[in-house]
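Each chain, letter by letter, is given below.
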Amino acid sequence: MDKTTNQKAWFLVLPVLVLVAFSAVIPLMTVVNYSVQDTFGNNVFFWAGLEWFEQALSSDRLWAAFGRQIMFSAIILTIQIPLGIFVALNMPKKGFWASFCLVVMALPLLIPFNVVGTIWQIFGRVDIGLLGHTLDAMGIDYNYTNDVLDAWITVIVMDVWHWTSLVALLAYAGLQSIPEAYYQAAKIDQASRWKVFRYIELPKMQGVLLIAILLRFMDSFMIYTEPFVVTGGGPGNATTFLSIDLVKMAIGQFDLGPAAAFSIMYFLVILLVSWVFYTVMTNLDKREGF
Amino acid sequence: MAKITLSNLAHSYLPNPKSEADYALKEMDHVWDDGGAYALLGASGCGKSTLLNIISGLLHPSEGRVLFGDEDVTDAPTAQRNIAQVFQFPVVYDTMSVRENLAFPLKNRGAKPAYVAERVQTIARMIGMEDVLDRKARGLTADAKQKISLGRGMVREDVNAILFDEPLTVIDPHMKWELRTQLKSLHREFGHTMIYVTHDQTEALTFADKVVVMHDGRVVQMGTPEELFETPAHTFVGYFIGSPGMNLLDAEVRGKTAHIEGVEIPLEATYTAPQGRTQIGVRPEFASLSTGHQGLPVTVTRVEDVGRHRIVRADFLGQEINIIASEGAEIAADATRVIFDPARVNVYVDDWRLSPETAQGKAA
């Protein structure tokens, strides 16, 4: 078939290009611009080369925040994915209670992030919070404002409360698509509950779980609002994750250059990890399917 | 392997069935022989899947008992009934290899590895999948997957019965024939009791020794393909089996004659004044066109050539009568009468076949 050459077609993609330029490319280029320059104010900039990148890479503070971030993402993934699957497995499959569960599960997902933070900030307070006060009354020494472990537990429990529903709903959708005949066949084959999960449910959920893991990884790796509202990154720097640190640097200290270099690397890390995740998982799929 | 007894079995999906219409499965009493190949044939919604699910234990009947051999299994769960089932859509364990799929039912029952390996090899040879034993089941075609389901059903030597729930629905036409032939030979070789649910008469008639025709929650006839063809016990059987189905005409039957709109049709047997709606049923194969003065006056409306023979559609006072004429036979332009072979005319009262008093043909 002959291809018709018509350069006018470019005009059709122009609106999208303009939109993307304004929403993504131009802001990103501003960041790139900042990352290679220095300023002493008055909008006068000097070329700084890769200095900010070198500085960021050799900064202990950044590496510490990076370590905390990895730890946070790892912990919430190891909790939320199995927990979400577990919840999905135990949800009713049809009828009134199925719809009821779905609505209840979806509720945390509908709450704005800073409201979630505020809810937990108050909930955990020792003086007026239901959780904090109850724990205190029970004689448990809990205070997220000055105990590192308590602060971590609070932030993690909050994230689990906020986002496990997403994993559960995705897993539930995956489970619902399994035809009844599979379960009947498993009964006839005398498969144990574990084998039903391992050989029927898990493989059928693989696709949605991949999406769940990706979404939860990206989201948790970029988390800002909720821990910032609850702990403000403290006590000390104990819950200062990458984006909290970034905001401190960019807005608190007004170090635009280092912050810009930092954000570019941040962005690349997320892109890289997501790409690795995706490639590994889809290749896994292909290899099994051959 | 075992014979299957259905004793006073009935099922309703309603908690408190009142009238007969509330039953999806009307009361039935049947004994199915050990090692038989049975087909449950009927239109959608006639209760054949309900019956199958009761036999497999996925459904508990509201009344009656199910016996495998001498053992009452009515309350036994599926896993304890020691049956195998092949479903409408191929059910395979995607992430397992073909070998693991076939071994799965045996491993779950704690069989010895050496025995498992030997059985898997045997079954793989039977279903012709020895070459692909180590492939993942996921990438295989629908018919290959259905063969695996079949193999998984047969891998246990001691199954009481193998149930098939319209297993060829998703299979390509040319593979259907192959799989059906394979099933038939597997049945001959191993002698499992097989129950095959289908709405396709060709499948039922070619697969089964005994075809169980169901209609409206009731078994209307259980018989060999010949019996279903020659002496349908119910008008539904006559209509459902055969292509086209049996011709049914309202008639008044007295002694050895049927009267239809003033025309006398000779019968071979004697019937004493039947009560109720009386009809005569004749298969198109046993009707022929005539130029004489005997038989029903008809107008030929259409002739369809279907290859092996021709189907003549004729009109008799607004009712259609089908006649099968052999390929070579001349259809005369002045053929205005249709005559029936008296030995092949069945009499029905309220849809059920009436046995003649002096039966000369085969009684139902």
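The shown structure was predicted, so the numbers you read here are calculated from the model rather than taken from an experiment.

Draft legend 1. A look at the confidence of the model for chain B. All names here are of chain B. Residues with a pLDDT of 70 or more make up 97% of chain B, whose mean pLDDT is 84. Note on residues 359-364: pLDDT under 50 across the span, and six contacts to partners over four residues away in sequence or across chains. Interface confidence for the predicted complex, given as ipTM, is 0.74, next to a pTM of 0.75.

Draft legend 2. Local environment of the sheet that holds strand S18 (residues 309-316) of chain B. Residue and element names in this part refer to chain B. Spatial strand order, S17-S18-S19: three strands in an open sheet with antiparallel pairing. The open sheet is flanked by strand S17 (299-305) and strand S19 (319-326), the only strands paired with a single partner. Taken pair by pair, the neighbouring strands of this sheet meet at an average axis angle of 25 degrees, ignoring direction. Two elements, S17 and S18, share six bridges in a ladder whose sense is antiparallel. Paired with glutamate 304 across the two strands is isoleucine 311, which belongs to S18.

Draft legend 3. Just the pairing of strand S12 (residues 252-260) of chain B, in detail. All names here are of chain B. Sheet topology note: the S12/strand S13 (residues 263-271) ladder contains five bridges and is antiparallel. Residue pairing across strands places histidine 259 opposite glutamate 264, the latter belonging to S13. Connecting S12 to the antiparallel partner S13 that follows it, the hairpin turn spans two residues, and glutamate 261 within it adopts a positive phi of roughly 50 degrees.

Draft legend 4. Seen up close, the packing of helix H5 (residues 142-154) of chain B against helix H6 (residues 173-190) of chain B. Residues and elements named next belong to chain B. For the pair H5 and H6, the least separation of the axes is 11 Å and the interaxial angle reads 15 degrees. On the basis of the axis angle, H5 is roughly parallel to H6. You can see that H5 and H6 cross each other, and the crossing is right-handed. Of H6, the residues touching H5 (which contributes Asp143, Lys147, Leu150 and Met154) are Met175, Glu178, Leu179, Gln182, Leu183 and Leu186. Counted by class, the contact of H5 with H6 contains six nonpolar, one polar and three charged residues.

Draft legend 5. Up close: the nonpolar core. Residues and elements named next belong to chain B. In this structure, Leu6, Trp32, Leu51, Ile55 and Met214 are the most contacted members of the largest nonpolar core, which totals 78 residues. The residues contacting isoleucine 55, other than those within four sequence positions of it, are Ile4, Leu6, Trp32, Phe68, Arg81, Leu163 and Ile195. Membership of the second largest hydrophobic core comes to 48 residues, among which are Ala84, Ala144, Val155 and Val211.

Draft legend 6. Focus on the sheet that holds strand S20 (residues 337-340) of chain B. Residues and elements named next belong to chain B. Strand order in the open sheet made by the three strands is S15-S20-S16, with antiparallel pairing throughout. Strand pairing shows two members of the sheet lacking a second neighbour, strand S15 (287-290) and strand S16 (296-297), which therefore form its edges. Two strands pair when backbone bridges link them, and S15 and S20 are joined in this way by four bridges, in the antiparallel orientation. Within S20, the residue paired with leucine 289 across the bridge is valine 338.

Each value, and the rule that gives it
- Residues numbered from 1 in each chain as written.
- Chains lettered and ligands numbered in written order.
- Predicted model: local features only at pLDDT ≥ 70, side-chain atom pairs only at ≥ 80, totals over all residues.
- Heavy atoms only, no water.
- pLDDT = per-residue confidence, 0-100.
- Contact = heavy atoms within 4.5 Å.
- Pairing = 2+ DSSP bridges.
- Helix = DSSP H or I, 4+ residues; strand = E, 2+ residues; numbered from the N terminus.
- Axes fitted to C-alpha atoms, helices over the stretch in contact; angles between N-to-C directions.
- Parallel < 35°, antiparallel > 145°, perpendicular 65-115°, else oblique.
- Left-handed = near helix turned anticlockwise from the far one by under 90°.
- Nonpolar A, V, L, I, M, F, W, Y, C, P; charged D, E, K, R; others polar.
- Core = buried A, V, L, I, M, F, W, Y, C linked by side-chain atoms within 4.5 Å.
- Buried < 20%, exposed > 50% of the residue type's maximum accessible area, 1.4 Å probe, protein only.

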